[in-house]
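Each chain is listed here by its residues.
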Amino acid sequence: SFRIITSTKKIVWIEATVFPFKIQNQKPQYVVISCKERINPHYREHVLTDVENIARIGGWEWYTEDNSFFCTNEIFNICEIEPYALSGEEAIEYFPENVRELLLQAAKKASENFDPFQLELPFVTAKNNQIWIRIIGKPVRNKYKVYKVTGTLQNITKEKQTEIELEKAKRTAEEAARAQEVFLSTMSHEIRTPMNAVIGITHLLLNDNPLEQQLSS
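Keep in mind the model is a prediction, meaning the values are calculated, not measured.

Enquirer: I'd love a proper account of the confidence of the model for the chain, names of residues and values included.
Expert: Any residue range with low pLDDT should be treated as having predicted coordinates unsuitable for detailed reading. Looking at the chain, the pLDDT average stands at 79 and 69% of residues meet or exceed 70. Least confident of the elements in the chain is helix α1 (residues 43–55), whose mean pLDDT is 58; most confident is strand β6 (residues 117–124), at 94.

Laid out in structure tokens, this is it:
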């Protein structure tokens, strides 16, 4: 691939394919070159980087055969570290111990059973900031087996905090509704008991030939 500048000062990327032409059992006499315009090979990379920065979603790949691990710059931003050759074992260390096994089991099922996964887990950055992340993994296989698991990592702390606050508000409302129900039930009982007595006494008096002054009072 190479680029040219047209007469209108436009930069165009060209992909050339060379086909040698020869007569049987002889050296090639000449070659045929096929050219076609193609997208700038660096364009997709820039677009993906821009999308990653806007969405704040990092990408990663784990190769099962040699246990190698690769990730994009956004992963380092989430971890709050400078980019370097981060290994899979080091990446796991950012998860609290009580959830590491859950992640490892998901990765194992992906590599062995071709099961994709999506998890929302607590995460502790290099600066000891406690956040929530969403990790998605998708196994990729060749003809015979899974050779890598690829996926994304996203900081969802704000989303998770909103979810927790909504759940807390829901529980508070439910508790208030239960307390109101108990209060109304109690008050109904407390009011009904003396009212029954008053109604009963009034009924007895009316059936017992009451005096005129008793009726008026």
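Enquirer: Any chance you could break down the side chain of Ser68 for me, citing the residues and the numbers?
Expert: Looking at the secondary structure, you find Ser68 in strand β5 (residues 68–71). You can call Ser68 buried: its relative accessible area is 17%. Within polar-contact distance, the side chain of Ser68 engages the side chain of Asp66 at 2.7 Å. Leaving out residues up to four positions away in the same chain, Ser68 has contacts with Glu61, Trp62 and Tyr63.

Enquirer: I'd like a description of the packing of aromatic side chains, backed by residues and values.
Expert: Aromatic rings considered in pairs are described by the distance between their centres and by the relative angle of their planes. Under the criterion given, the structure shown has 5 aromatic pairs. For the pair Tyr63 and Phe70, a centre-to-centre distance of 5.9 Å together with 85° between the ring planes defines the contact as edge-to-face. Cluster of aromatic residues (ring-pair linked, three or more members): Tyr94, Phe95 and Phe123. Its guanidinium or amino end placed over the ring of Phe114, Arg141 lies 3.9 Å from that ring's centre, counting from NZ or CZ. Looking at Lys160, its charged tip hangs above the ring of Trp132, at a distance of 4.8 Å from the centre.

Enquirer: Please provide a residue-by-residue account of the side chain of Arg134, values included.
Expert: Its location among the elements puts Arg134 in strand β7 (residues 130–141). Under the relative-accessibility criterion, Arg134 is labelled buried at 13%. Engagement of the side chain of Arg134 in a polar contact is seen with the side chain of Glu120, the distance being 3.1 Å. Aside from chain neighbours lying at most four places away, what touches Arg134 is Gln118, Leu119, Glu120, Thr152, Leu153, Gln154, Ile156 and Glu159.

Enquirer: I'd like a description of the pattern of salt bridges, backed by residues and values.
Expert: With the rule as written, the count across this model stands at 7 salt bridges. A salt bridge links Arg100 to Glu93; the nearest nitrogen and oxygen atoms lie 3.6 Å apart. The exposure class assigned to Arg100 is buried, which follows from its relative accessible area of 19%. Across the pair Glu120 and Lys160 runs a salt bridge, and its minimum N-O distance is 3.0 Å. Here Glu120, found in strand β6, pairs with Lys160, found in helix α5 (residues 157–206); they are 40 residues apart in sequence, far enough to count as distant. Salt bridges linked by common partners bring Glu120, Arg134, Glu159, Lys160 and Glu163 together as one network.

What counts, and where the lines are drawn
- Residues numbered from 1 in each chain as written.
- Predicted model: local features only at pLDDT ≥ 70, side-chain atom pairs only at ≥ 80, totals over all residues.
- Heavy atoms only, no water.
- pLDDT = per-residue confidence, 0-100.
- Helix = DSSP H or I, 4+ residues; strand = E, 2+ residues; numbered from the N terminus.
- Buried < 20%, exposed > 50% of the residue type's maximum accessible area, 1.4 Å probe, protein only.
- Polar contact = N/O pair within 3.5 Å; in protein donor to acceptor, adjacent residues only side chain to side chain.
- Contact = heavy atoms within 4.5 Å.
- Phe/Tyr/Trp six-rings, centres within 6.5 Å; stacked < 30°, edge-to-face > 60°.
- Lys NZ or Arg CZ within 6 Å of the ring centre and 35° of its normal.
- Salt bridge = Lys/Arg side-chain N within 4 Å of Asp/Glu carboxyl O.

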